[in-house]
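As a plain string of letters, each chain reads:
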Amino acid sequence: MATNFTVNGKPATTNAPPATPLLWVIREDLKLTGTKFGCGTGLCGACMVHVDGRRAFSCQTQVSEIAGRTVTTIEGLSPDSSHPLQKAWLTERVPQCGYCQSGQIMSAADLLQQKPQPTRAEIVEHMSTNICRCGTYQRIVRAVERAAREA
Amino acid sequence: MNKSIRASVLSRRQVMIGAAGLTFAIAAPNSLKAAALSGEGPRSAMNPWISIATDGTITIMSAATEMGQGSMTSLPLIIAEELDADWAKVKVVPAPVNEKIYGNPGFGGMMYTAGSNAVTSYYRPLRVIGAQVRRVLLDNAARKWGVPVEELTTEPSVVVHAKSGRKMSYGDIAAIAEVPAKAPEIKPDQLKKTADFRLIGKDVMRVELPTKVNGTATYGIDVQVPGMLYGTVLRAPVEGSVPNRIDDARAKAVPGVTAVIRLPHGVGVVAQTAWAALSARQALLDSVTWTRTGTAWGFDSDKGHDAFAADAKNLSKPARDWSAQGNARGAFQNAASMVEGEYRCDYAYHAQMEPLNAVALVAPGGDAVEIWAGTQSQTTATEAPAKFLGIPRDKVKLHDLLMGGGFGRRGNRDVDFIMDAVMLSNEVGSPVKVMWTREDDVHNGRFRPLSAHYLRAAFDASGKLTAWHHRLAADRITPFMDPVRFQEGGGKDGMVMAGTDVRGYDVPHQLVEQIYRDTGVRTNPLRGIGVTANKFATEAFMDEVARKRGIDPLTYRLELLKGTPRAYKVVERVAQMADWGRKRDGQALGLAYIDYSGSQVAGIAEVSLDRTSGQIKVHNFWCTIDCGIAVQPDNIIAQTESSIVYGLGLTLSERISIKDGIVEQSNFYDYSLPRMKDVPEMHIELIQTDNHPTGAGQMATPLIAPTISNAIMELTGVRLRHSPFVPDRVKKSLS
């Protein structure tokens, strides 16, 4: 059974079984590989996307839940890496291995949508959903603050 | 990136420098040499480090693989410095597999990125290579203009004749260049002076960084090739165990599954989709029984740890001398007094964010294989598949991709994560992407070993520290992770033993003994290697020694470091930064110093403790690092932040335990990594010196356990001796 939804502003369809995590549809069928597989259990945040504008673990979101909904991945955050967070991420030289950073940026974008000028405590609380094994946390905080300032 | 650059260089004249005698060649379009150079024809000794296209594009090979540490930028930048290249015109491409040209001098010529030694080991050779090509460009400009080469200088990517005001770009020279058969000799004094560096010491944007904020960075797990199937492997729970009875009915019933395959080390699934492969692996969980072959069956890490500790403390238990200075045994016999201490570290897991994976395509007939993977060693990634398939290594084509973290996990000799894909592709005749689940990655982790440390220090009648003795009982690493290196290195297990000594301190007599243990548990170098466990022991014990003598731990260290100025400086400075003498209300400081492969690091942790829960909180961490010439200063700071956070996890929460040979943890719910809320304010100062550059990728990791143990001692009078300091353990120590 086909499931229709929207990804990065474009119509998408999948015939994957309803229980399939959205993550695998995004990565392997739609070839949007910026969204990563990290733990498969909603504990690390590497798979973070937006569903109807709010962050969601794509590894915990089933195909059956996305019919008619709007998904945004890192590739759809801006057409040219011009989102204030993407710019701030480079200015602060945040990424190391980079594997978690799509998820970090998608989480941060969700925060700034809800709260354009978050306090440091709010940033820490919100971003503690996402693991960065390279430990870039201090730079992530700086980058989120910079993006909030410069947006 | 790689392909388009290859195509463009083939269509232009180029200047290239090879290895094997450092031969130069001009490659014209469609010539045999060009084909050889591009790796598309017969291999010759001509594979280049540098090629310069007529449009000025300079392509530089990256010999090291990239796992987040920045070598993909730093190494080419060292070449670009001496070449005096315009960095904006430099394109970096991964070097092909060719140890003779690209091998790491720090690892006996293997292509291997580990030990924080890429910059250290390649620094001199890459500078010479850059300088040689610059010299060829100068010679060509001199010939063209009819002037003595001594009158020429360079600006970035331009040769300048100041006398006549003429300039010629490197691209223009490439169009007319004649290249000598033999590379010009470059003497050390012909290399740039530090003051003349334009790139080294100045931060540049890491070459791959822009791809890491928009989803375009390609890791091994992102690869798709035409006709690709998906694989998973349910691996044996214990090393050496093999599948016994396989009931594959449920796995085969998953729609999309095309094969369930018995492998020597597990059961493989091949499917048309990733989700089908993952679901079928899940369906196999209770459907496979395993032989009880393999050493680790029956091993229990808690009990094993007690046995290790007893053996370390019992001086009559046989041990191997690892390192000795002076006559420690004699000094202990003559000691006026003595202090002793015991420490322990648990197994720990790498937890690189990208679970292990690889794509392989074995050619029909099995006479060639193409591999896409993130690997710390291009050498091992191609050797093991060649051996398995019984083919020459030049029939293994490796595409080395970005790694979502390495931390030592992706460099083992048997490349377990690549062989899964090779074996399954060999069985089904299609390209297969094998992905490990996080649970596979934990259950089949290769851990920082279990260790128990017994230390004692001897004093003379005046109270002077005369001798130091460290007995370490630990699971072996090198014989398991790389038997070849173990053998070539004379049977020394440096990865376990590194950091056991007290380098830098004035201790006349020192003895380190290894109590070699092989439990059968899978082990591996993990960020900080043996240094993390061993410096926990030595730096916490140094604190105990100071306190026993009633001397402030900072004062005591500085006294012993008087003869080691670089060490003295990092310790003195970090103490200033942390305002060491200031007492805190409800918080305390702990200090540690380490000479890690020549890099000097010191750290101070400021901690508090919730006595009810046993939870330790680190509020601030100050760190100084002197790793000589800083090739990329901000990246050194970033790596230091990273290694502090990594150490924090190893010290406070990360713990692998083994029951009956089997790993008890599974995923991030029972193997807990530091999150943003757990991380202190980090204050890092890079102390730049003119010394040969040394490592920066993991040097602060071993500072964390001793600084926290020392701070808790200061705060509570209780010594934490068993890392990680998980809340239950802390509470037990307090009571």
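Residues numbered from 1 in each chain as written. Chains lettered and ligands numbered in written order. Predicted model: local features only at pLDDT ≥ 70, side-chain atom pairs only at ≥ 80, totals over all residues.

Draft legend 1. Helix 18 (residues 553-560) of chain B, seen in detail. Residues and elements named next belong to chain B. For helix 18, every residue scored as buried is listed here: P553, L554, Y556, R557 and L560. Down the axis, helix 18 shows its buried residues gathered within 165° of arc, on one side only. On its buried face, helix 18 is in contact with helix 17 (529-548), helix 19 (565-578), strand 23 (588-596) and helix 21 (704-716). (Buried ≥ 20, exposed ≤ 12 C-beta atoms within 10 Å, placed from the backbone. Helix = DSSP H or I, 4+ residues; strand = E, 2+ residues; numbered from the N terminus. Arc of directions from axis to C-beta. Contact = placed C-beta atoms within 7 Å.)

Draft legend 2. Region of interest: the interface of chain B and chain A. On the side of chain A, 45 residues touch chain B, which itself brings 44 residues to the contact. At the level of elements, helix 8 (274-284) and helix 20 (633-652) of chain B are the ones that each hand at least two residues to the side of chain B that touches chain A. In terms of residue count, the dominant contributor to the side of chain B that touches chain A is helix 20 of chain B (seven residues). Classifying every residue of the side of chain B that touches chain A by side-chain character gives 24 nonpolar, twelve polar and eight charged. (Nonpolar A, V, L, I, M, F, W, Y, C, P; charged D, E, K, R; others polar.)

Draft legend 3. How the structure looks around the environment of N140 of chain B. All names here are of chain B. One can find N140 in helix 5 (residues 118-145). Along the backbone, N140 and T466 are 326 residues apart, and their C-alpha atoms lie at a distance of 63 Å. When sequence neighbours within four positions are dropped, the list of residues in contact with N140 reads I173, I176, A177 and E178.

Draft legend 4. Structural view of the domain arrangement of chain B. Residue and element names in this part refer to chain B. Domain assignment breaks chain B into domain 1 (2-211), domain 2 (220-293 + 356-435) and domain 3 (301-348 + 447-734). On the side of domain 2, 15 residues touch domain 1, which itself brings 14 residues to the contact. Per-class residue counts for the side of domain 1 that touches domain 2 are seven nonpolar, three polar and four charged. (Domains from an automatic or database assignment.)

Draft legend 5. Representation of the pairing of strand 22 (residues 509-517) of chain B in the model. Residues and elements named next belong to chain B. Of all the nine residues making up strand 22, seven are buried; the element is thus mostly covered by neighbouring parts of the structure. Here five bridges tie strand 14 (residues 320-325) to strand 22, and the two strands are oriented antiparallel to one another. Looking at strand 22, one finds that Q325 is bridged to Q510. Strand direction decides the pairing type here: strand 21 (residues 465-475) and strand 22, joined by nine bridges, are parallel. Each residue of the ladder has a partner; that of H469, found in strand 22, is L511. (Pairing = 2+ DSSP bridges.)

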